[in-house]
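Next come the chains, spelled out residue by residue.
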Amino acid sequence: MKCPYCSTDNTKVIDSRPADDNMSIRRRRICDSCGKRFTTYEKIETIPLIVVKKDSVREPYDRSKIEAGVLRACHKLPVSVNDINRLIDDVETEVYSREEKEIPTIVIGELIMDKLRALNDVAYIRFASVYREFKDVNTFMEELKKFLKD
């Protein structure tokens, strides 16, 4: 591992433990040359995942797109960053546990909505209104009625 301060290849691991999500390893390192300490994270390499969009366009899976959508839905709501990260991690775990090389955005969107519904009602409605592309107030009201019925 290269030192981020002096770019020397000589570093030692001084502490190693599971990270918060238990899906990665956090390592504290020290550089033999300059003596500075830094942290690295190791994550399991997974199979490349392709997302199939509604218009059949295929693109590589991008976690940041899910983050952006969930953050927009939770904007100015009492939802912690830890809750958001946990939600995204849960969705990602479910997507990768399917062990499919291609997954439709419909599946990902429904997973996100299920998790958001449990997390915050307003965030769920916000996300659903964009995801389901409500064209008018009537479709929005239909979704609200379904939500209130459950």
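Residues numbered from 1 in each chain as written. Predicted model: local features only at pLDDT ≥ 70, side-chain atom pairs only at ≥ 80, totals over all residues. Heavy atoms only, no water.

## Observations regarding the environment of Glu100
- Tracing the backbone through its elements, the reader meets Glu100 in the loop between α2 (81-97) and β6 (102-104).
- A C-alpha to C-alpha distance of 9.5 Å links Glu100 and Pro48, two positions 52 residues apart in sequence. (Helix = DSSP H or I, 4+ residues; strand = E, 2+ residues; numbered from the N terminus.)

## Structural notes on the nonpolar core
- In this structure, Ile66, Val70, Val91, Ile108, Ile112 and Leu116 are the most contacted members of the largest nonpolar core, which totals 27 residues.
- Mapped onto this core, the elements with two or more residues apiece are α1 (63-74), α2, α3 (105-119) and α4 (121-131).
- Ranked by residue count, the leading element in this core is α4, at six residues.
- Setting aside residues up to four positions removed in sequence, Leu116 forms contacts with Val70, Ala73, Cys74, Leu87, Ala123, Tyr124 and Phe127. (Core = buried A, V, L, I, M, F, W, Y, C linked by side-chain atoms within 4.5 Å. Buried < 20%, exposed > 50% of the residue type's maximum accessible area, 1.4 Å probe, protein only. Contact = heavy atoms within 4.5 Å.)

## Observations concerning the packing of aromatic side chains
- Per the stated rule, a full pass over the model turns up two aromatic pairs.
- Between Tyr61 and Tyr96, the ring centres sit 5.8 Å apart and the planes meet at 80°, which makes this aromatic pair edge-to-face. In this pair, Tyr61 sits in the loop between β5 (58-60) and α1 while Tyr96 sits in helix α2, placing the two residues 35 residues apart along the sequence.
- Ring centres 6.0 Å apart and planes at 15° place the aromatic pair Phe127 and Tyr131 in the stacked group. A residue pair is termed a helical-turn pair when its members lie 3 or 4 positions apart in one helix, as Phe127 and Tyr131 do in helix α4 at four residues. Across this residue pair, the class does not change: Phe127 and Tyr131 are buried.
- The residue whose ring lies beneath Lys36 is Tyr5, and the NZ or CZ to ring-centre distance is 4.9 Å.
- The ring of Tyr124 has Arg117 sitting right over it, with the charged end atom 4.9 Å from the ring centre. (Phe/Tyr/Trp six-rings, centres within 6.5 Å; stacked < 30°, edge-to-face > 60°. Lys NZ or Arg CZ within 6 Å of the ring centre and 35° of its normal.)

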